[in-house]
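So the chains spell out like this:
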Amino acid sequence: MRVVLDVTEGPRGHNVTCDNFFTSYELGQQLLKRKITMVGTVRKNKPELPPALLASKEREVFSSKFAFMPTTTLVSYLPKKNKNVVLLSTLHTDGDISDREDRKPVIILDYNRNKGGVENLDKVIGTYSCRRMTARWPLVIFHNIIDVSSYHAFVIWREINPTWMSRKQNKRRVFLEQLGKALVIPLIERRKAPHRSLSSSCESYSECRSS
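Residues numbered from 1 in each chain as written. Predicted model: local features only at pLDDT ≥ 70, side-chain atom pairs only at ≥ 80, totals over all residues. Heavy atoms only, no water.

1. What about unusual backbone geometry?
Then, number 1: In the Ramachandran plot, Glu 58 falls in the positive-phi region, its phi being about 65° despite a non-glycine side chain.
Then, number 2: Position of Glu 58 relative to the elements: it lies in the loop between helix H3 (51-54) and strand E3 (64-68).
Then, number 3: For Phe 62, which is not glycine, the phi dihedral falls at a positive 75°.
Then, number 4: Mapped onto the fold, Phe 62 is located in the loop between H3 and E3. (Helix = DSSP H or I, 4+ residues; strand = E, 2+ residues; numbered from the N terminus.)

Following this line, the structure appears as structure tokens:
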């Protein structure tokens, strides 16, 4: 919740689309205080979910169940037999269902329409990633920071230099190669530089002491 509130500190009158890692009833209420609405999937272990929305047995495929609160709407949609998805919205106030064959609620259609940014980022990061298998969670977070930061750097670089390698297909791969070299070459040069020996350092220290 703190992360979402931090990144929405400035905007007003917008809608935020979240995945189930961030979505919660409390977050929705905090955003409403800033005149920001929210639509997001909800993890099924959230305590604010009514048990009737979680039940999926004996429900018809493509069916929807809604729960309404003064400022929040919940929907449970069954895309497959015995498998439902739950969404929370402070943007929608009714239970509108689309006329599509799968009878998806409007809440889900709006979520699918706006979720692309996060999912596309995960997809492009997975193409070129520095992540490695590890059980150390701080290292997992560090790898993700490197992946996301390098992609953002690529987007900014392309915006500033729109004609850069215009005929090249794998621009991002080339950019990452050049970025990696730019980061490591100064360290390589520093390690290649001759180091003062321990004896010379001791002699200099003795001279300084004697003077």
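From this point, the discussion proceeds with the structure in view.
2. A word on the packing of aromatic side chains
To describe a pair of aromatic rings, one takes the distance between the centres and the angle between the planes.
Then, number 1: Taken as a whole and judged by the stated rule, the model has 7 aromatic pairs.
Then, number 2: Aromatic side chains Phe 66 and Phe 68 sit 5.9 Å apart centroid to centroid with 10° between the ring planes, which places their arrangement in the stacked category.
Then, number 3: By relative accessible area, which is 24% here, Phe 66 ends up partly exposed.
Then, number 4: Considering the side-chain rings of Tyr 151 and Phe 154, the 6.4 Å spacing of their centres and the 45° angle between planes classify their relative orientation as tilted. In this pair, Tyr 151 and Phe 154 are both assigned in helix H6 (residues 137-160), 3 residues apart and thus about one turn of the helix distant. (Phe/Tyr/Trp six-rings, centres within 6.5 Å; stacked < 30°, edge-to-face > 60°. Buried < 20%, exposed > 50% of the residue type's maximum accessible area, 1.4 Å probe, protein only.)

3. Some remarks on the pairing of strand E2 (residues 37-41)
Then, number 1: With 5 of 5 residues buried, E2 is to be regarded as a mostly interior element.
Then, number 2: Burial along E2 is two-sided: Thr 37, Val 39 and Thr 41 and Met 38 and Gly 40, pointing in opposite directions, are all buried.
Then, number 3: Strand direction decides the pairing type here: strand E1 (residues 15-18) and E2, joined by 4 bridges, are parallel. Considered in E2, the bridge of Val 16 is made with Met 38.
Then, number 4: One crossover worth recording links E1 to the parallel E2 by way of helix H2 (residues 25-32), and it is right-handed.
Then, number 5: In terms of strand pairing, E2 meets strand E5 (residues 83-89) through 3 bridges, oriented antiparallel. Along E5, the bridge assignment pairs Val 39 with Ser 89. (Pairing = 2+ DSSP bridges. Right-handed = clockwise from strand over helix to strand, strands pointing away.)

4. Things to note about the environment of Leu 5
Then, number 1: Note on placement: Leu 5 falls in helix H1 (residues 2-7).
Then, number 2: Of the residues examined, Leu 5 reaches a relative accessible area of 14% and is grouped as buried.
Then, number 3: Separated by 26 residues in sequence, Leu 5 and Leu 31 have C-alpha atoms that sit 7.3 Å apart.

5. Notes on the packing of H6 against helix H7 (residues 171-192)
Then, number 1: Between H6 and H7, the shortest axis-to-axis distance is 10 Å and the interhelical angle comes to 110°. In terms of orientation, H6 lies roughly perpendicular with respect to H7. Contact residues: H6 offers Ser 150, Tyr 151, Ala 153, Phe 154, Trp 157 and Arg 158, while H7 offers Lys 171, Arg 172, Phe 175, Leu 176 and Leu 179.
Then, number 2: A per-class count over the contact of H6 with H7 returns 7 nonpolar, 1 polar and 3 charged. (Axes fitted to C-alpha atoms, helices over the stretch in contact; angles between N-to-C directions. Parallel < 35°, antiparallel > 145°, perpendicular 65-115°, else oblique. Contact = heavy atoms within 4.5 Å. Nonpolar A, V, L, I, M, F, W, Y, C, P; charged D, E, K, R; others polar.)

6. Considerations on the sheet that holds E3
Then, number 1: The mixed open sheet is built from 5 strands, whose spatial order is E1-E2-E5-E4-E3. The strands lining the two open edges of the sheet, one partner per strand, are E1 and E3. Sheet twist, expressed as the average angle between the axes of neighbouring strands with direction ignored, equals 15°.
Then, number 2: Pairing analysis gives 6 bridges linking strand E4 (residues 73-80) to E5, with the strands arranged antiparallel. Directly across from Val 75, in E5, lies its bridge partner Leu 87.
Then, number 3: The strands touched by H2 within the sheet are E1, E2 and E5, with E2 carrying the most contacts at an inclination of about 160°.
Then, number 4: Seen against the sheet, helix H4 (residues 106-114) touches E1, E2, E3, E4 and E5 and runs at an angle of roughly 80° to E5.

Everything listed here is a matter of coordinates, which is why it stays silent on function.
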